[in-house]
Amino acid sequence: MKKIKSWILLVVGILMLIPVVITYVPYLMEHGMYEYELTFLSNLITGVVFIVGGLNGLLKEKQLPQPVYFNSVVLVQLVFIICMAFIAEFNFKGSYLFLHITNPILATIVFFLCTIPEERTKGKTVLSALIFPLVYLVYVIIYGYASGYWIYGIMNIPDRGLLFVLSVIAASALGIVALACVQYGLSRLLYRKMHE
């Protein structure tokens, strides 16, 4: 069963990277820019984590620590939730359908079926999900000031004001913690049910 789960992780990781390559490599070649969107980064990170996890399981017969999967899947779930909340604002054509909808759903299913919850405290695991998104929001602010281009207008401090942006960051952190709590709880529950 472990080998099957490793193969699933590997194949799904590769499948997740296909729309990343199709969507962003031509853009990078044409514009010569580094990609900075959360959609790109979350799908890339989760695809790579699944590939490394699958290879690790096949070659070393060891699973990566579950928080590694947990944190990457929270990222793509975050993209999915944002896209659903602001559905009129996002592109769902072609490979973007995979990046915004299919990959997050597939990654969540694979996470629940193929990873083993660790006996760690809930607080550490849940709070670890905040690291990348908060670092990313700081990057968005630094990038905005350095380039004059704000990736997300809602984070534009000169236009919106510092207090508004800090409230967006606080609300985002609360939302991520809530999402992580649900994912953590479901992960533990499903694992127990599957192994009764």
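Residues numbered from 1 in each chain as written. Predicted model: local features only at pLDDT ≥ 70, side-chain atom pairs only at ≥ 80, totals over all residues. Heavy atoms only, no water.

Asks: Which residues make up the overall build of the protein chain, and what values do they have?
Replies: For the protein chain, the count of helices and strands is eight helices and zero strands. For 196 residues, the compact-globule estimate of 2.2 N^0.38 gives 16 Å, and the protein chain sits close to it at 17 Å. For the protein chain, the C-alpha atoms occupy an extent of roughly 55 × 40 × 30 Å along the three principal directions. Split into buried and exposed, the 196 residues of the protein chain put 43% on the buried side. Total accessible area computed for the protein chain in this model is approximately 10800 Å², and 72% of it derives from carbon and sulfur atoms. (Helix = DSSP H or I, 4+ residues; strand = E, 2+ residues; numbered from the N terminus. Rg over C-alpha atoms; globule rule 2.2 N^0.38 Å. Buried < 20%, exposed > 50% of the residue type's maximum accessible area, 1.4 Å probe, protein only. Areas by Shrake-Rupley, 256 points an atom, 1.4 Å probe, with all protein chains shown as cover.)

Asks: Please set out the packing of aromatic side chains residue by residue, giving values where relevant.
Replies: Taken as a whole and judged by the stated rule, the model has 10 aromatic pairs. Each ring, one from Tyr-136 and one from Tyr-152, has its centre 6.3 Å from the other, and the planes form 65 degrees; the classification is edge-to-face. Note that Tyr-136 is positioned in helix H6 (residues 131-147) and Tyr-152 in the loop between H6 and helix H7 (157-160), a separation of 16 residues in sequence. Take Tyr-136: its relative accessible area is 5%, and that puts it in the buried class. Taken together, Phe-132, Tyr-136, Tyr-139, Tyr-143 and Tyr-152 form an aromatic cluster joined through their ring pairs. (Phe/Tyr/Trp six-rings, centres within 6.5 Å; stacked < 30°, edge-to-face > 60°.)

Asks: Break down helix H4 (residues 95-114) for me, citing the residues and quoting the values.
Replies: Side chains that are three or four residues apart share a direction in an α-helix, a result of its 3.6 residues per turn. A bend of about 45 degrees at Thr-102 is the largest found in H4, and the proline Pro-104 appears one to four places after it. Where H4 is concerned, the buried positions are Ser-95, Leu-99, His-100, Asn-103, Pro-104, Ala-107, Thr-108, Val-110, Phe-111, Phe-112 and Cys-114. (Bend = angle between axes of the 7 residues up to and from the residue.)

Asks: Would you mind going over the packing of H4 against helix H8 (residues 162-194) in detail, with residue names and values included?
Replies: Put simply, H4 and H8 touch, their axes get as near as 9 Å, and they point 45 degrees apart. Looking at the two axes, H4 sits oblique to H8. For the pair formed by H4 and H8, the contact residues are Phe-111, Phe-112 and Leu-113 on the first element and Gln-183, Leu-186, Ser-187, Leu-190 and Met-194 on the second. (Axes fitted to C-alpha atoms, helices over the stretch in contact; angles between N-to-C directions. Parallel < 35°, antiparallel > 145°, perpendicular 65-115°, else oblique. Contact = heavy atoms within 4.5 Å.)

Asks: I'd like a description of the layout of surface pockets, backed by residues and values.
Replies: The calculated volume of the largest pocket comes to roughly 1000 Å³. In terms of lining, the largest pocket is formed by 35 residues, of which the most central are Leu-38, Ile-82, Phe-90, Tyr-152 and Ile-154. Sorting the residues of the lining of the largest pocket by element identifies helix H1 (2-31), helix H2 (38-59), helix H3 (66-85), H4, H6 and H8 as the ones contributing at least two each. Put simply, the second largest pocket is a space of about 270 Å³. Along its surface, the second largest pocket is lined by 16 residues, and Lys-2, Lys-5, Ser-6, Gln-63 and Ile-116 are the ones closest to its centre. Elements represented by at least two residues in the lining of the second largest pocket include exactly H1 and H2. Here the lining of the second largest pocket gets five residues from one element, more than from any other, and that element is H1. (1 Å grid on protein atoms, 1.4 Å probe; cavity = no way out; pocket = protein on both sides within 12 Å on 5 of 7 lines; lining within 4 Å. Points joined across faces, edges and corners; volume = space filled by probe spheres on them.)

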